[in-house]
Amino acid sequence: MATIEVTSAEDGTSIEADVGDTILLRLADNPTTGYRWELEPVTGDSLVLDDSGYEPSSGAMGGGGAATWTLSVVAAGTTSIALQQRRPWEGDASVLDRFTLTVHAHP
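The structure presented is a predicted model; accordingly, all values stated were derived computationally and were not measured. Numbering of residues begins from 1 in every chain and follows the order in which that chain's sequence is written. Only residues with pLDDT of at least 70 are given local features in this predicted model, and only at 80 or more are side-chain atom pairs given and counted; all residues enter the totals for whole chains, interfaces and linings. Remark: hydrogens and water are excluded; side-chain values derive from all non-hydrogen atoms of the structure.

## Looking at the sheet that holds strand β1 (residues 3-6)
Working step 1: Each pair of strands is called paired provided DSSP finds at least two bridges between the two strands. The numbering of helices and of strands both runs from the N terminus, where a helix is a DSSP run of H or I of at least 4 residues and a strand a run of E of at least 2. What the four strands build is an open sheet, ordered β1-β3-β6-β5; its pairing is mixed. Each edge of the open sheet is held by one strand with a lone partner, namely β1 and β5 (47-56). Averaged over all pairs of adjacent strands, the angle between their axes in this sheet comes to 20°, without regard to strand direction.
Working step 2: Where strand β3 (residues 22-29) and strand β6 (residues 65-73) come together, eight bridges link them in antiparallel fashion. Opposite L27, over in β6, you have A67 as the bridge partner. Each axis is a line fitted through C-alpha atoms, taken for helices only over the stretch in contact, and angles between the N-to-C directions span 0 to 180 degrees.

Dropping the structure here:
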């Protein structure tokens, strides 16, 4: 069982994982701007979202950091992950960035 760290460098790519692995997705974020990363519903049955959060990069007020999601690989299969960085109250017109990843999970 391994932890696979994924960052914006993997945007639009595919990764390989084994059942029992953990995927730690970390994307640059600064909630003080009003823009937030939102995870769209996960397609497929091989991943389960365990946790999400925010890690500040420093103690400075208004400073950026990273939004994080921890997903467990629970079954073999192919699953797509998609996120949008947007202002929730402004809807789709405010989408600033997108992130996609395909996970191929093996038994």
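## Notes on the sheet that holds strand β2 (residues 13-18)
Two modes of strand pairing occur in sheets, parallel and antiparallel, and in both the strands are linked by backbone hydrogen bonds.
Working step 1: Here we have four strands laid out as an open sheet, ordered β2-β8-β7-β4, and mixed in their pairing. On the outer flanks of this sheet lie β2 and β4 (36-39), each paired with one strand and no other. When strand polarity is set aside, the average angle formed by the axes of neighbouring strands in this sheet is 25°.
Working step 2: Two elements, β2 and strand β8 (residues 97-106), share six bridges in a ladder whose sense is parallel. Opposite A17, over in β8, you have A105 as the bridge partner.

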